[in-house]
Amino acid sequence: MLEFLSRLFWRDRDRIGSKHVAKERLRLVLVHDRVNSCPQLLEALKEDLIRVIREYIEIDEDALDISFDNIDNTVALVANIPVLRIKKSIV
Amino acid sequence: MKGKVIVVTSGKGGVGKTTTTANLGTALTMLGRRVVMVDTDIGLRNLDVVMGLENRIVFDIVDVVAGGIKLKQALIKDKRFEGLYLLPAAQTKEKTAVSAHQMKTLCYELKKEFDFVLVDCPAGIEQGFKNAIAGADEAIVVAVPEVSSVRDADRIVGLLEAAGLRKNQLIINRIRPRMVKRGDMMDIEDMIDILSVDLLGVVPEDETVIVSTNKGEPVVIAPGSRAGEAYRRIARRINGEEVSLLPLDHSEGLVDRFRRMFKLASR
(Lines give C-alpha, C1' and ligand atoms only; values in the text may rest on other atoms or scores of the structure.)
Protein backbone atom coordinates (compact mmCIF):
# COMPACT_ATOMS: atom_id res chain seq x y z
CA MET A 1 0.00 0.00 0.00
CA LEU A 2 2.75 2.43 1.01
CA GLU A 3 4.64 1.46 -2.09
CA PHE A 4 1.61 2.12 -4.23
CA LEU A 5 1.06 5.54 -2.65
CA SER A 6 4.67 6.56 -2.99
CA ARG A 7 4.66 5.47 -6.59
CA LEU A 8 1.55 7.50 -7.19
CA PHE A 9 3.01 10.66 -5.71
CA TRP A 10 6.68 10.38 -6.51
CA ARG A 11 6.58 8.97 -9.96
CA ASP A 12 7.08 12.24 -11.76
CA ARG A 13 9.74 13.55 -9.47
CA ASP A 14 11.82 10.41 -9.49
CA ARG A 15 11.76 10.05 -13.20
CA ILE A 16 14.79 11.53 -14.89
CA GLY A 17 13.84 12.92 -18.27
CA SER A 18 15.67 11.79 -21.37
CA LYS A 19 16.99 15.30 -21.94
CA HIS A 20 19.70 14.68 -19.35
CA VAL A 21 20.92 11.73 -21.36
CA ALA A 22 20.85 13.89 -24.49
CA LYS A 23 22.83 16.66 -22.81
CA GLU A 24 25.49 14.33 -21.46
CA ARG A 25 25.93 12.58 -24.79
CA LEU A 26 26.11 15.88 -26.63
CA ARG A 27 28.68 17.24 -24.23
CA LEU A 28 30.98 14.30 -24.90
CA VAL A 29 30.46 14.23 -28.64
CA LEU A 30 31.02 17.97 -29.00
CA VAL A 31 34.36 17.85 -27.21
CA HIS A 32 35.55 15.31 -29.75
CA ASP A 33 33.96 17.17 -32.67
CA ARG A 34 35.58 20.45 -31.67
CA VAL A 35 39.01 18.88 -31.21
CA ASN A 36 38.79 16.96 -34.47
CA SER A 37 37.70 19.98 -36.45
CA CYS A 38 40.63 21.96 -35.04
CA PRO A 39 43.77 19.79 -34.94
CA GLN A 40 45.88 22.88 -34.31
CA LEU A 41 44.42 23.04 -30.81
CA LEU A 42 46.07 19.78 -29.72
CA GLU A 43 49.35 20.72 -31.38
CA ALA A 44 49.46 24.12 -29.70
CA LEU A 45 48.59 22.57 -26.35
CA LYS A 46 51.32 19.99 -26.81
CA GLU A 47 53.95 22.62 -27.55
CA ASP A 48 52.97 24.69 -24.53
CA LEU A 49 53.01 21.62 -22.27
CA ILE A 50 56.48 20.67 -23.43
CA ARG A 51 57.74 24.20 -22.82
CA VAL A 52 56.50 24.23 -19.22
CA ILE A 53 57.52 20.68 -18.29
CA ARG A 54 60.98 21.12 -19.77
CA GLU A 55 61.81 23.63 -17.05
CA TYR A 56 61.54 20.93 -14.41
CA ILE A 57 61.91 17.57 -16.05
CA GLU A 58 63.79 16.16 -19.01
CA ILE A 59 61.20 14.37 -21.12
CA ASP A 60 61.12 12.38 -24.31
CA GLU A 61 59.43 15.04 -26.43
CA ASP A 62 58.93 12.81 -29.47
CA ALA A 63 57.12 10.16 -27.46
CA LEU A 64 54.81 12.65 -25.72
CA ASP A 65 51.21 11.81 -26.46
CA ILE A 66 48.04 13.68 -25.51
CA SER A 67 44.45 12.91 -26.36
CA PHE A 68 40.88 13.25 -25.14
CA ASP A 69 39.25 10.15 -23.71
CA ASN A 70 35.80 9.36 -22.40
CA ILE A 71 36.08 8.19 -18.83
CA ASP A 72 32.78 7.35 -17.16
CA ASN A 73 30.63 10.36 -17.90
CA THR A 74 33.35 12.94 -18.38
CA VAL A 75 35.90 13.82 -20.96
CA ALA A 76 39.48 13.61 -19.74
CA LEU A 77 42.60 15.12 -21.23
CA VAL A 78 45.03 12.22 -21.07
CA ALA A 79 48.72 12.89 -21.40
CA ASN A 80 51.44 10.27 -21.60
CA ILE A 81 54.80 11.94 -21.03
CA PRO A 82 57.87 9.68 -20.77
CA VAL A 83 60.27 11.11 -18.18
CA LEU A 84 64.02 10.84 -18.83
CA ARG A 85 65.36 12.51 -15.66
CA ILE A 86 64.53 15.17 -13.10
CA LYS A 87 66.65 18.28 -13.35
CA LYS A 88 69.18 18.50 -10.51
CA SER A 89 68.95 22.23 -10.03
CA ILE A 90 65.32 21.98 -9.01
CA VAL A 91 65.83 19.04 -6.63
CA MET B 1 22.03 53.89 -46.05
CA LYS B 2 23.67 50.51 -46.21
CA GLY B 3 21.84 47.30 -45.41
CA LYS B 4 22.82 44.18 -43.55
CA VAL B 5 23.35 40.71 -44.97
CA ILE B 6 22.15 37.95 -42.64
CA VAL B 7 22.62 34.31 -43.61
CA VAL B 8 20.15 31.75 -42.23
CA THR B 9 21.89 28.42 -41.75
CA SER B 10 21.72 25.19 -39.71
CA GLY B 11 23.95 22.43 -41.03
CA LYS B 12 21.25 19.83 -40.68
CA GLY B 13 18.43 19.85 -43.22
CA GLY B 14 14.75 20.06 -42.37
CA VAL B 15 15.01 22.14 -39.21
CA GLY B 16 13.28 25.21 -40.65
CA LYS B 17 15.80 27.43 -42.42
CA THR B 18 13.49 28.28 -45.29
CA THR B 19 10.44 28.81 -43.08
CA THR B 20 12.54 31.05 -40.85
CA THR B 21 13.86 33.08 -43.79
CA ALA B 22 10.37 33.52 -45.27
CA ASN B 23 8.79 34.59 -42.01
CA LEU B 24 11.54 36.90 -40.81
CA GLY B 25 11.63 38.51 -44.24
CA THR B 26 7.89 39.09 -44.20
CA ALA B 27 7.82 40.27 -40.59
CA LEU B 28 10.64 42.75 -41.23
CA THR B 29 8.73 44.29 -44.14
CA MET B 30 5.69 44.54 -41.85
CA LEU B 31 7.93 46.71 -39.66
CA GLY B 32 8.47 48.98 -42.64
CA ARG B 33 11.87 47.71 -43.74
CA ARG B 34 12.92 46.83 -47.28
CA VAL B 35 13.94 43.18 -47.48
CA VAL B 36 15.24 40.83 -50.15
CA MET B 37 15.33 37.09 -49.54
CA VAL B 38 17.98 35.21 -51.51
CA ASP B 39 17.58 31.47 -52.02
CA THR B 40 21.04 29.92 -52.43
CA ASP B 41 19.89 26.31 -52.30
CA ILE B 42 20.61 25.76 -55.97
CA GLY B 43 19.04 22.58 -57.34
CA LEU B 44 16.68 22.29 -54.38
CA ARG B 45 14.96 25.65 -54.31
CA ASN B 46 12.04 25.99 -51.93
CA LEU B 47 11.79 29.55 -50.68
CA ASP B 48 9.58 30.31 -53.70
CA VAL B 49 6.95 27.67 -52.83
CA VAL B 50 7.02 28.47 -49.13
CA MET B 51 6.29 32.10 -50.06
CA GLY B 52 3.74 31.12 -52.71
CA LEU B 53 5.73 32.88 -55.44
CA GLU B 54 6.65 29.81 -57.52
CA ASN B 55 4.53 30.85 -60.50
CA ARG B 56 6.20 34.22 -60.85
CA ILE B 57 9.79 33.09 -61.44
CA VAL B 58 11.30 34.18 -64.73
CA PHE B 59 15.00 34.48 -63.96
CA ASP B 60 17.08 33.18 -61.06
CA ILE B 61 20.29 33.83 -59.14
CA VAL B 62 22.47 31.98 -61.66
CA ASP B 63 21.02 34.06 -64.52
CA VAL B 64 22.06 37.16 -62.58
CA VAL B 65 25.61 36.20 -61.67
CA ALA B 66 26.49 34.34 -64.86
CA GLY B 67 23.81 34.94 -67.47
CA GLY B 68 23.95 38.68 -67.97
CA ILE B 69 20.48 39.25 -66.53
CA LYS B 70 20.03 42.43 -64.49
CA LEU B 71 19.17 42.10 -60.81
CA LYS B 72 16.01 44.17 -61.30
CA GLN B 73 14.76 41.68 -63.91
CA ALA B 74 15.26 38.65 -61.66
CA LEU B 75 13.92 40.08 -58.38
CA ILE B 76 10.33 39.03 -57.71
CA LYS B 77 8.28 41.66 -55.94
CA ASP B 78 5.87 40.20 -53.40
CA LYS B 79 2.72 42.19 -54.05
CA ARG B 80 1.22 41.30 -50.66
CA PHE B 81 3.99 42.96 -48.64
CA GLU B 82 5.36 46.39 -49.41
CA GLY B 83 9.15 46.25 -49.79
CA LEU B 84 9.55 42.44 -49.93
CA TYR B 85 11.50 40.81 -52.77
CA LEU B 86 12.74 37.31 -53.61
CA LEU B 87 15.76 36.29 -55.63
CA PRO B 88 15.06 32.62 -56.40
CA ALA B 89 17.65 29.85 -56.67
CA ALA B 90 18.20 28.04 -59.95
CA GLN B 91 16.53 24.64 -59.99
CA THR B 92 18.50 22.92 -62.73
CA LYS B 93 22.09 24.01 -62.09
CA GLU B 94 24.84 22.61 -59.87
CA LYS B 95 25.18 23.57 -56.19
CA THR B 96 28.35 25.48 -57.01
CA ALA B 97 26.94 27.50 -59.93
CA VAL B 98 27.42 30.66 -57.85
CA SER B 99 30.95 31.13 -56.55
CA ALA B 100 31.91 32.72 -53.23
CA HIS B 101 33.25 35.74 -55.08
CA GLN B 102 30.05 36.13 -57.11
CA MET B 103 28.01 35.85 -53.93
CA LYS B 104 30.05 38.60 -52.30
CA THR B 105 29.48 40.92 -55.25
CA LEU B 106 25.77 40.09 -55.31
CA CYS B 107 25.34 40.78 -51.59
CA TYR B 108 27.23 44.05 -51.96
CA GLU B 109 24.87 45.17 -54.72
CA LEU B 110 21.75 44.12 -52.78
CA LYS B 111 22.91 45.91 -49.63
CA LYS B 112 22.75 49.21 -51.48
CA GLU B 113 19.06 48.74 -52.21
CA PHE B 114 17.73 46.94 -49.15
CA ASP B 115 17.77 47.27 -45.36
CA PHE B 116 18.06 43.51 -44.94
CA VAL B 117 19.37 40.81 -47.25
CA LEU B 118 18.29 37.42 -45.87
CA VAL B 119 20.26 34.55 -47.40
CA ASP B 120 18.64 31.12 -47.17
CA CYS B 121 21.56 28.71 -47.01
CA PRO B 122 21.62 25.10 -48.32
CA ALA B 123 21.96 22.26 -45.79
CA GLY B 124 25.41 20.75 -45.33
CA ILE B 125 28.88 22.20 -44.80
CA GLU B 126 30.25 21.80 -48.30
CA GLN B 127 31.00 24.38 -50.96
CA GLY B 128 27.35 25.40 -51.33
CA PHE B 129 27.35 26.48 -47.69
CA LYS B 130 30.70 28.25 -47.99
CA ASN B 131 29.52 30.18 -51.04
CA ALA B 132 26.24 31.14 -49.36
CA ILE B 133 27.95 32.69 -46.32
CA ALA B 134 30.62 34.50 -48.37
CA GLY B 135 28.84 37.85 -48.41
CA ALA B 136 27.24 37.70 -44.96
CA ASP B 137 27.69 40.23 -42.17
CA GLU B 138 25.93 38.11 -39.55
CA ALA B 139 24.42 34.66 -39.23
CA ILE B 140 21.30 33.12 -37.76
CA VAL B 141 21.74 29.47 -36.80
CA VAL B 142 18.48 27.51 -36.68
CA ALA B 143 18.41 24.40 -34.51
CA VAL B 144 15.71 22.14 -33.11
CA PRO B 145 16.11 20.62 -29.62
CA GLU B 146 17.40 17.25 -30.83
CA VAL B 147 20.90 15.84 -30.51
CA SER B 148 21.58 15.61 -34.25
CA SER B 149 20.53 19.19 -34.90
CA VAL B 150 22.46 20.59 -31.92
CA ARG B 151 25.57 18.72 -32.96
CA ASP B 152 25.38 20.08 -36.50
CA ALA B 153 24.65 23.58 -35.21
CA ASP B 154 27.83 23.45 -33.12
CA ARG B 155 29.82 22.50 -36.20
CA ILE B 156 28.22 25.34 -38.17
CA VAL B 157 29.04 27.90 -35.47
CA GLY B 158 32.66 26.75 -35.62
CA LEU B 159 32.74 27.13 -39.39
CA LEU B 160 31.08 30.56 -39.26
CA GLU B 161 33.67 31.75 -36.74
CA ALA B 162 36.46 30.32 -38.86
CA ALA B 163 35.03 32.28 -41.80
CA GLY B 164 35.33 35.47 -39.77
CA LEU B 165 31.67 35.88 -38.84
CA ARG B 166 31.46 37.23 -35.31
CA LYS B 167 27.75 37.75 -34.76
CA ASN B 168 26.12 34.32 -34.89
CA GLN B 169 22.80 34.03 -33.11
CA LEU B 170 20.65 31.02 -32.39
CA ILE B 171 16.98 30.44 -33.13
CA ILE B 172 15.59 27.41 -31.32
CA ASN B 173 12.86 26.06 -33.54
CA ARG B 174 10.00 23.66 -32.92
CA ILE B 175 10.33 23.54 -29.18
CA ARG B 176 7.55 21.54 -27.50
CA PRO B 177 6.72 23.03 -24.09
CA ARG B 178 4.98 19.87 -22.91
CA MET B 179 8.03 17.72 -23.60
CA VAL B 180 10.31 20.33 -22.03
CA LYS B 181 8.12 20.34 -18.93
CA ARG B 182 8.40 16.61 -18.43
CA GLY B 183 12.14 16.66 -19.03
CA ASP B 184 12.09 14.89 -22.37
CA MET B 185 13.28 17.80 -24.46
CA MET B 186 16.22 20.15 -24.02
CA ASP B 187 15.09 23.61 -22.99
CA ILE B 188 16.42 27.04 -23.93
CA GLU B 189 19.08 27.09 -21.22
CA ASP B 190 20.30 23.60 -22.13
CA MET B 191 20.77 24.60 -25.75
CA ILE B 192 22.53 27.89 -24.95
CA ASP B 193 24.72 26.13 -22.43
CA ILE B 194 25.81 23.43 -24.86
CA LEU B 195 26.29 25.65 -27.91
CA SER B 196 27.57 28.76 -26.09
CA VAL B 197 26.02 31.21 -28.56
CA ASP B 198 23.68 34.15 -28.12
CA LEU B 199 19.97 33.48 -28.35
CA LEU B 200 17.94 35.37 -30.93
CA GLY B 201 14.61 33.69 -30.34
CA VAL B 202 12.50 30.62 -29.70
CA VAL B 203 9.75 29.31 -31.96
CA PRO B 204 7.31 26.72 -30.60
CA GLU B 205 6.21 23.70 -32.59
CA ASP B 206 3.01 24.81 -34.28
CA GLU B 207 0.73 23.12 -36.79
CA THR B 208 -0.23 26.46 -38.30
CA VAL B 209 3.23 26.54 -39.92
CA ILE B 210 2.28 23.56 -42.08
CA VAL B 211 -1.15 25.00 -42.83
CA SER B 212 0.42 28.30 -43.92
CA THR B 213 3.08 26.58 -46.00
CA ASN B 214 0.38 24.51 -47.70
CA LYS B 215 -1.22 27.74 -48.80
CA GLY B 216 2.01 29.50 -49.70
CA GLU B 217 1.56 32.14 -47.03
CA PRO B 218 4.01 33.13 -44.32
CA VAL B 219 2.78 32.14 -40.85
CA VAL B 220 3.43 35.64 -39.48
CA ILE B 221 0.15 36.75 -41.08
CA ALA B 222 -1.87 33.82 -39.66
CA PRO B 223 -4.03 35.19 -36.84
CA GLY B 224 -3.42 33.58 -33.46
CA SER B 225 -0.43 31.52 -34.59
CA ARG B 226 2.12 31.04 -31.79
CA ALA B 227 4.93 30.46 -34.25
CA GLY B 228 3.88 33.55 -36.17
CA GLU B 229 3.98 35.61 -32.98
CA ALA B 230 7.44 34.19 -32.19
CA TYR B 231 8.75 35.15 -35.63
CA ARG B 232 7.30 38.65 -35.33
CA ARG B 233 9.14 39.09 -32.03
CA ILE B 234 12.39 37.86 -33.55
CA ALA B 235 11.98 40.30 -36.45
CA ARG B 236 11.59 43.18 -34.02
CA ARG B 237 14.78 42.07 -32.27
CA ILE B 238 16.64 42.01 -35.59
CA ASN B 239 15.24 45.48 -36.20
CA GLY B 240 16.95 46.67 -33.02
CA GLU B 241 14.11 46.58 -30.50
CA GLU B 242 14.31 44.88 -27.13
CA VAL B 243 11.55 42.32 -27.04
CA SER B 244 10.92 39.65 -24.42
CA LEU B 245 10.87 35.97 -25.38
CA LEU B 246 7.54 34.44 -26.29
CA PRO B 247 6.26 32.81 -23.09
CA LEU B 248 6.04 29.08 -23.72
CA ASP B 249 2.74 28.25 -22.10
CA HIS B 250 2.73 24.61 -21.23
CA SER B 251 -0.94 24.01 -20.81
CA GLU B 252 -3.24 25.30 -23.46
CA GLY B 253 -6.17 25.25 -21.10
CA LEU B 254 -9.35 27.24 -21.23
CA VAL B 255 -7.83 30.04 -19.16
CA ASP B 256 -4.88 30.36 -21.50
CA ARG B 257 -7.12 30.44 -24.49
CA PHE B 258 -9.16 33.25 -23.00
CA ARG B 259 -6.02 35.12 -22.09
CA ARG B 260 -4.76 34.78 -25.64
CA MET B 261 -8.07 35.94 -27.05
CA PHE B 262 -7.92 39.03 -24.86
CA LYS B 263 -4.33 39.71 -25.87
CA LEU B 264 -5.22 39.42 -29.54
CA ALA B 265 -8.22 41.68 -29.07
CA SER B 266 -6.24 44.33 -27.25
CA ARG B 267 -3.44 44.46 -29.78
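Residues numbered from 1 in each chain as written. Chains lettered and ligands numbered in written order. Predicted model: local features only at pLDDT ≥ 70, side-chain atom pairs only at ≥ 80, totals over all residues.

When helices and strands are tallied, chain B shows 12 helices and eight strands. Taken against the 2.2 N^0.38 rule, which gives 18 Å for 267 residues, the C-alpha radius of gyration of chain B at 18 Å falls within 12% of a compact globule. Oriented by its inertia axes, the alpha-carbon framework of chain B measures out at about 60 × 40 × 35 Å. Here chain B holds 267 residues, and the buried ones make up 47% of them. Contacts in chain B between residues far apart in sequence, at least 24 positions, make up 75% of those at least 6 positions apart. (Helix = DSSP H or I, 4+ residues; strand = E, 2+ residues; numbered from the N terminus. Rg over C-alpha atoms; globule rule 2.2 N^0.38 Å. Buried ≥ 20, exposed ≤ 12 C-beta atoms within 10 Å, placed from the backbone. Contact = placed C-beta atoms within 7 Å.)

A count of helices and strands for chain A gives three helices and four strands. Helices and strands appear in chain A in the N-to-C order α-α-α-β-β-β-β. Within chain A, residue pairs in contact and separated by at least 24 positions form 49% of the contacts whose partners lie at least 6 positions apart.

Right, let's talk about the interface of chain B and chain A for a bit. Contacts between the two partners involve 13 residues from chain B, matched on the other side by 14 residues from chain A. Counting residues per element, the ones that place at least two in the side of chain B that touches chain A are helix H7 (147-162) and helix H9 (188-195) of chain B. Examining the composition of the side of chain B that touches chain A, we find that six residues originate from one element, H7 of chain B, more than from any other. Broken down by class, the residue content of the side of chain B that touches chain A amounts to five nonpolar, two polar and six charged. (Nonpolar A, V, L, I, M, F, W, Y, C, P; charged D, E, K, R; others polar.)

A few words on the pairing of strand E2 (residues 65-71) of chain A. As a general feature of sheets, a regular strand has side chains that alternate between the two faces. Across the seven residues of E2 of chain A, zero count as buried, placing the element largely on the outside. Joining the antiparallel neighbours E2 of chain A and strand E3 (residues 74-80) of chain A is a turn of two residues, in which Asp72 of chain A adopts a positive phi near 50°. (Pairing = 2+ DSSP bridges.)

Okay, the sheet that holds strand E3 (residues 76-77) of chain B next. All names here are of chain B. The strand order across the open sheet built from eight strands is E3-E4-E2-E5-E1-E6-E7-E8, with neighbouring strands paired in mixed fashion. The two strands at the open ends of the sheet, each matched to only one other strand, are E3 and strand E8 (198-204). Across five bridges, strand E1 (residues 4-9) lies against strand E5 (residues 116-120) in parallel orientation. Within E5, the residue paired with Val5 across the bridge is Val117. Here helix H1 (residues 17-30) sits on the sheet and contacts E1, strand E2 (35-39), strand E4 (84-87), E5, strand E6 (138-143) and strand E7 (168-175); the angle it forms with E5, its principal contact strand, is near 165°. H7 contacts E1, E6 and E7 of the sheet and is inclined by roughly 170° relative to E6. (Axes fitted to C-alpha atoms, helices over the stretch in contact; angles between N-to-C directions.)

What follows is about the environment of Met51 of chain B. Residue and element names in this part refer to chain B. Within the secondary structure layout, Met51 lies in helix H2 (residues 47-51). By C-beta crowding, Met51 is classed as buried, having 28 other C-beta atoms within 10 Å. Residues Met51 and Pro204 lie 153 residues apart in sequence; the distance between their C-alpha atoms is 20 Å. Excluding anything up to four places from it in sequence, Met51 contacts Ala22, Asp78, Leu86, Gly216 and Pro218.

Residue and element names in this part refer to chain B. With five of six residues buried, E6 is to be regarded as a mostly interior element. Here four bridges tie E1 to E6, and the two strands are oriented parallel to one another. By the bridge assignment for E6, Val8 is matched with Ile140. Two elements, E6 and E7, share five bridges in a ladder whose sense is parallel. In the strand pairing of E7, Val141 is matched with Leu170.

Turning to the confidence of the model for chain B, a few remarks are in order. Here chain B shows a mean pLDDT of 93. Residues at 70 or above account for 93%. If you check the scores for this complex, the pTM reads 0.85 and the ipTM reads 0.80. (pLDDT = per-residue confidence, 0-100.)

Attention now moves to unusual backbone geometry. All names here are of chain B. For Arg174, which is not glycine, the phi torsion reads 55° and is therefore positive. One non-glycine residue, Ser196, lies in positive phi territory at about 40°. In this structure, Ser196 sits in the loop between H9 and E8.

Moving on, we come to the nonpolar core. Residue and element names in this part refer to chain B. By size, the foremost hydrophobic cluster in this structure holds 81 residues, and its most contacted members are Val117, Leu118, Val119, Val141, Ala143 and Tyr231. In terms of residue count, helix H11 (residues 226-238) provides more of this core than any other element does, six residues in total. With near-sequence residues (within four places) excluded, Tyr231 lies in contact with Asn23, Leu24, Ala27, Val203, Val219 and Val220. (Core = buried A, V, L, I, M, F, W, Y, C linked by C-beta atoms within 7 Å.)

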